[in-house]
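# Understanding the architecture of this molecule
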Amino acid sequence: MADKQKTIQKEVSMQGVGLHTGVQVTMTFKPAPADHGYKFKRVDMENQPIIPALAENVVDTSRGTTIAKGEARVSTIEHVLAAAYSLDIDNLMIEINGPETPIMDGSAITFFKILTEAGTVEQELEREYFVVRENVRYVNEEKGIEIIAYPDHKYSVDVLIDFNSKVLGHQYASLTDLSDFGEQIASCRTFAFFHELEPLFKNNLIKGGALENAIVIVENEYPQEEFDRIADLFNKPHLQAKRGILNNISLQYSNEPARHKLLDVVGDLALAGRRIKGKIIAKRPGHYANTQFANLIRQAVKFEQKNGVAPRYNPDEAPLLDIKDIMKRLPHRPPFLLVDKIIHLDENSVVGVKCVTMNEGFFVGHFPEEPVMPGVLQIEAMAQVGGILALKDLENPKEWSTYFLKIDNVRFKQKVVPGDTLIFKLELIDGSAGAKQSCCSNRIKNLTKRKMEYPLTNVHPEAKIGKNVVIEPFVTIEKNVEIGDNCWIGANAVIKEYTKIGNNCRIFHGAVIGAIPQDLKFVGEITTVIIGDNTTVRECATINRGTSAKGSTQVGSNCLLMAYSHVAHDCRIKNYVIVGNATQIAGEVDIDDHAILSGGILVHQFVRIGTHVIVQGGSKIGKDIPPYIKAGRDPLNFAGVNSVGLRRREFSNEQIYAIQDVYRTIYQKGLNTTQALEVIKAELPASKERDVIIDFVSNSKRGIISGEFAEL
């Protein structure tokens with residue numbers, strides 16, 4: 001019997017303080033309709049925006065999982081989702097009047113109890129699972145992280161953690177049945193190391209942290225003065241210095257930290273949007289790895305929705321019909337009989353098997369040195385399997401002939417060679433000629449309407465086109481494309497599958513948006529291109545889809561991509577960015593607001609370009625460019641503060657002078673980056689611009705460009 005979806009029976013509310021923001025919030029859990037999933041509603045914001053709790057909406061994983069939609073975001077959602085998932089709840093609206101869920105005692109037990117109090121109720125629609133049929137794997141070899149999902153009949157999780165800690169040691173935790181979550185996992189608290197507290201606090205995190213809502217682990221010996229200083233930083237009482245657990249409390253379990261990491265895995269994997277049937281084994285998991293793994297499952301689900309699930313074939317099981325039975329039903333004979341077994345047959349579907357061997361007659365002439373099964377024979381084999389379904393109710397099926405009349409949208413994604421096994425699944429779509437006639441007429445009507453709106457174009461009937469969109473001749477717009485209102489698409493432009501374009505955009509002639517990545521890691525996974533509002537893409541510019549690395553390529557609002565520019569996979573281009581003619585941007589590049597890249601620039605992969613930057617044409621960018629500056633020459637160098645651009649954007653002279661003081665310290669005083677940042681923090685007045693620069697330089701992964709303080 002199929003499972004039914006569930007939601008809660010009644011509305012329940014709770015209050016608490018966010019761990020990182022320190023903001024007091026009220027959170028209300030409300031019943032939701034079937035197929036709703038988990039969604040957060042920011043009731044404190046204008047129009048009360050809703051954020052679906054899905055992996056593609058994750059924007060930050062710093063000490064917690066944050067999701068966002070537009071300007072709305074909610075942080076530290078993993079404990080809430082873990083409690084809901086463990087209680088078999090599929091659909092839930094979570095209203096919250098702040099940017100972060102309450103931390104409570106640092107575990108999921110409060111959420112678990114209040115949702116238990118709310119009760120659950122079955123809904124009409126059946127629950128859909130992601131059934132792990134083959135291993136799904138995420139790995140980061142550099143950090144020793146690995147998460148794998150193995151086929152299994154139920155959901156279970158094993159977690160292994162290793163922080164190179166003498167206090168914690170190696171720890172292992174296991175949840176063999178989700179029904180044990182409340183008793184074994186829900187009460188396990190989050191934890192942090194003592195040496196992490198000050199950096200976290202100075203990075204605007206753990207403002208709501210307290211010894212009541214987190215386990216603090218002291219790895220090394222510290223003087224009492226250091227403990228007192230950190231306590232004063234958090235405005236907390238002084239505790240006696242000691243190594244071990246700072247809280248003066250006992251762990252609930254010897255492996256409580258590992259159990260909490262397991263709790264996080266359950267919560268983060270709820271972002272997959274489907275309940276999972278499979279065994280999860282996670283080695284050194286964290287929120288980033290967890291959400292990346294959830295995204296892999298999201299992609300697998302979307303692939304199954306698009307392509308269906310391949311039937312399972314066990315060669316050791318007796319077939320429903322063997323070759324002798326098939327020959328009694330079909331008039332075909334070797335070498336033209338291309339079906340070996342029928343392993344499933346019902347009123348509306350059939351599954352057949354063809355074992356391809358080197359002895360096939362067609363291999364004699366079809367590339368004898370590199371044998372490949374002709375595509376037309378693959379289709380014929382499929383048609384013969386369909387013939388079994390068509391003739392199944394006849395008394396003497398062998399006396400009848402079946403004819404193959406028509407096929408649409410055939411694609412061969414890989415060659416078939418000796419040793420392969422082909423499995424064909426065919427489903428009866430329409431049971432009568434009348435039904436086929438009706439279906440055909442409706443499709444012709446829809447296509448005719450679309451052609452009338454956009455003459456001489458190739459617009460897929462399932463593409464979502466907004467209001468007042470102008471599409472010029474010879475444009476191609478594929479399935480699963482969304483285009484907002486008041487857009488203009490120039491002649492010969494191509495908008496590929498899984499592209500979303502906002503309102504008031506202009507796509508000029510010959511532009512190609514959403515082409516697959518030029519990256520060997522890409523293996524056909526479903527990824528996207530997302531473009532904001534009021535953005536212009538000029539002639540023959542190209543924007544490629546993402547890969548599994550990030551899942552999408554994003555271009556913000558009010559951007560201008562000039563002619564022949566290129567944006568590769570997984571880039572993040574924010575708002576008001578200008579990319580000059582023929583500028584080529586490699587994969588996974590981040591460009592912040594108001595940056596200007598002149599023409600003919602080459603940007604290396606993984607580079608970040610800061611806000612309000614302007615780069616001279618023809619430059620080669622191989623390192624990060626910090627905010628508010630001009631850069632140019634070959635090799636690329638710092639060339640002064642972008643004072644003209646900043647004044648145009650209404651920066652005051654005082655702000656510009658403060659920025660110049662920061663860069664004098666970085667580039668003129670002969671200090672290395674670490675030393676320069678220490679001087680800036682100690683000697684220069686605090687300001688938003690100073691802190692933006694400090695944050696950028698501190699988090700630079702490729703290192704910032706070099707140079708002297710001199711104007712271009």
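See above for the structure.
First, a word on what this report is: a plain description of the structure on this page. Quick caveat, the model's predicted, so the values are computed rather than measured.

## Quick notes on the sheet that holds strand β20 (residues 279-283)
- On the basis of which strands lie adjacent, the open sheet formed by five strands has the order β12-β13-β20-β14-β15 and mixed pairing. Each having just a single partner strand, β12 (136-140) and β15 (171-175) make up the two edges of the open sheet. Across the sheet, the mean angle from the axis of one strand to that of its neighbour is 5°, orientation sign disregarded.
- Bridging between strand β14 (residues 156-161) and β20 involves five bridges; their strand directions are parallel. Counted as the bridge partner of Ser156 is Lys279 from β20.
- Against the sheet, helix α6 (residues 256-269) makes contact with β14, β15 and β20, and its axis sits at roughly 130° relative to β14, the strand it touches most.
- Sheet contacts for helix α7 (residues 287-307): β12, β13 (145-150) and β20; angle to β12, the most-contacted strand, approximately 150°.

## Some details on the packing of helix α12 (residues 653-667) against helix α13 (residues 673-683)
- Two elements in contact, α12 and α13, have axes whose closest approach is 8 Å; the angle formed by their N-to-C orientations is 145°. Where α12 crosses over α13, the handedness of that crossing is right-handed. Here α12 contributes Val662, Thr665 and Ile666 to the contact with α13, which in turn contributes Ala676, Val679 and Ile680.
- Here the contact of α12 with α13 is built from residues that sort into five nonpolar, one polar and no charged.

## Brief notes about a nonpolar patch on the surface
- A cluster of nonpolar side chains, contributed by Phe404, Ile407, Val410 and Phe412, occupies part of the molecular surface with about 360 Å² of accessible area.
- Mapped onto the secondary structure, Val410 falls in the loop between α9 (375-390) and β23 (421-427).
- The exposure class of Val410 is partly exposed, given its relative accessible area of 35%.

## Concerning the environment of Ser349
- Of note, Ser349 is situated in strand β22 (residues 349-355).
- Among the residues examined, Ser349 registers a relative accessible area of 8% and is labelled buried.
- The contacts of Ser349, once residues within four sequence positions are left out, are His344, Leu389, Leu426 and Glu427.
- Within the local environment of Ser349, its side chain forms a polar contact with the side chain of His344, the two groups lying 3.2 Å apart.

## Focus on the sheet that holds strand β3 (residues 24-31)
- Pairing within the open sheet is mixed, and its five strands lie in the order β2-β3-β9-β4-β5. With one partner strand each, in any of the chains shown, β2 (12-17) and β5 (50-52) form the two edges of the open sheet. For this sheet, the mean angle separating the axes of adjacent strands, direction not counted, is 25°.

## What to know about the pairing of β3
- With six bridges connecting them, β2 and β3 associate as antiparallel partners. Bridging across to β3, Ser13 finds its partner in Thr28.
- Strand direction decides the pairing type here: β3 and strand β9 (residues 92-96), joined by five bridges, are antiparallel. In the strand pairing of β9, Pro31 is matched with Leu92.

## Quick word on the side chain of Lys354
- With respect to the helices and strands, Lys354 occurs in strand β22.
- A relative accessible area of 3% means that Lys354 is categorised as buried.
- Beyond its immediate chain neighbours, meaning those up to four positions away, Lys354 contacts Leu338, Asp340, Glu360, Asp420, Thr421, Leu422 and Phe424.

## Description of the packing of aromatic side chains
- Taken as a whole and assessed by the stated rule, the structure comprises eight aromatic pairs.
- On the basis of an interplanar angle of 40° and a centroid distance of 6.3 Å, the ring pair of Phe112 and Phe181 is categorised as tilted. Of this pair, Phe112 sits in helix α2 (residues 109-118) while Phe181 sits in helix α3 (residues 181-184), placing them 69 residues apart in sequence.
- Among the residues examined, Phe181 registers a relative accessible area of 0% and is labelled buried.
- Following the ring pairs from residue to residue traces out a cluster consisting of Phe638, Tyr663 and Tyr667.
- In this arrangement the basic side chain of Arg259 is found over the ring face of Tyr253, its NZ or CZ atom lying 3.7 Å from the centre.
- Here Arg275 stacks its cationic end above the ring of Tyr85, 4.1 Å away from the centre of that ring.

## Digging into the pattern of salt bridges
- Enumeration over the complete set of coordinates arrives at 29 salt bridges.
- Note that Glu95 and Lys41 form a salt bridge whose closest N and O atoms lie 3.8 Å from each other. Pair noted here: Glu95 is in strand β9 and Lys41 is in strand β4 (residues 38-42), with a separation of 54 residues, a long-range link. Of the two residues examined, Glu95 and Lys41, each falls in the buried class.
- The shortest N-O distance in the salt bridge between Lys392 and Asp393 comes to 2.9 Å.
- Given a relative accessible area of 18%, Lys392 falls into the buried group.
- Residue classification places Asp393 among the exposed positions, given a relative accessible area of 61%.
- Among the charged side chains, a network of salt bridges with common partners joins Asp3, Lys6, Asp88, Asp90, Arg127 and Arg275.

## Brief notes about helix α1 (residues 78-86)
- Counting buried positions over the nine residues of α1 gives nine, a clear majority of the element.
- Of the residues making up α1, those classed as buried are Glu78, His79, Val80, Leu81, Ala82, Ala83, Ala84, Tyr85 and Ser86.
- Downstream of α1 by one or two residues, Asp88 has phi in the positive range, about 70°.

## Some remarks on the state of the cysteines
- On inspection of all chains with the given rule, the structure shows zero disulfides.
- With no disulfide of its own, Cys487 lies closest to Cys505 among cysteine sulfurs, the gap being 4.7 Å.

## Structural notes on α6
- In this model, α6 (14 residues) spans 20 Å end to end at C-alpha, consistent with the 20 Å of a helix rising 1.5 Å per residue.
- Summarising burial for α6: 14 of the 14 residues are buried, a large majority.

## Quick look at the nonpolar core
- Counting residues in hydrophobic clusters, the biggest one holds 68 residues, and the most contacted among them are Phe29, Leu115, Phe181 and Phe293.
- What Phe293 contacts, discounting residues up to four positions off in sequence, is Val136, Arg137, Tyr138, Ile147, Ile148, Ala149, Leu269 and Ile280.
- Within the second largest apolar cluster, 67 residues are counted, among which are Ile495, Ala541, Leu677 and Ile680.

## Observations concerning unusual backbone geometry
- Put simply, Pro334 and Pro335 share a cis peptide bond, and its omega is 10°.
- Mapped onto the secondary structure, Pro335 falls in the loop between α8 (323-329) and β21 (341-345).
- You will see that Phe367, though not glycine, has its phi angle at about 60°, which is positive.
- Of note, Phe367 is situated in the loop between β22 and α9.
- Exposure remark for Phe367: the relative accessible area of 48% places this residue in the partly exposed category.
- Of note in this structure, Asn504 is not a glycine but carries a positive phi near 60°.
- With respect to the secondary-structure elements, Asn504 resides in the loop between β31 (499-501) and β32 (506-507).
- On the basis of relative accessible area, Asn504 is assigned to the partly exposed category, the value being 35%.

Scoring rules and cut-offs
Residues numbered from 1 in each chain as written. Predicted model: local features only at pLDDT ≥ 70, side-chain atom pairs only at ≥ 80, totals over all residues. Heavy atoms only, no water. Pairing = 2+ DSSP bridges. Helix = DSSP H or I, 4+ residues; strand = E, 2+ residues; numbered from the N terminus. Axes fitted to C-alpha atoms, helices over the stretch in contact; angles between N-to-C directions. Contact = heavy atoms within 4.5 Å. Left-handed = near helix turned anticlockwise from the far one by under 90°. Nonpolar A, V, L, I, M, F, W, Y, C, P; charged D, E, K, R; others polar. Patch = residues over 30% accessible without salt bridge, like charges linked within 9 Å, V, L, I, M, F, W, Y side chains within 5 Å. Areas by Shrake-Rupley, 256 points an atom, 1.4 Å probe, with all protein chains shown as cover. Salt bridge = Lys/Arg side-chain N within 4 Å of Asp/Glu carboxyl O. Buried < 20%, exposed > 50% of the residue type's maximum accessible area, 1.4 Å probe, protein only. Polar contact = N/O pair within 3.5 Å; in protein donor to acceptor, adjacent residues only side chain to side chain. Phe/Tyr/Trp six-rings, centres within 6.5 Å; stacked < 30°, edge-to-face > 60°. Lys NZ or Arg CZ within 6 Å of the ring centre and 35° of its normal. Disulfide = S-S within 2.5 Å. Expected span 1.5 Å × (residues − 1). Core = buried A, V, L, I, M, F, W, Y, C linked by side-chain atoms within 4.5 Å.

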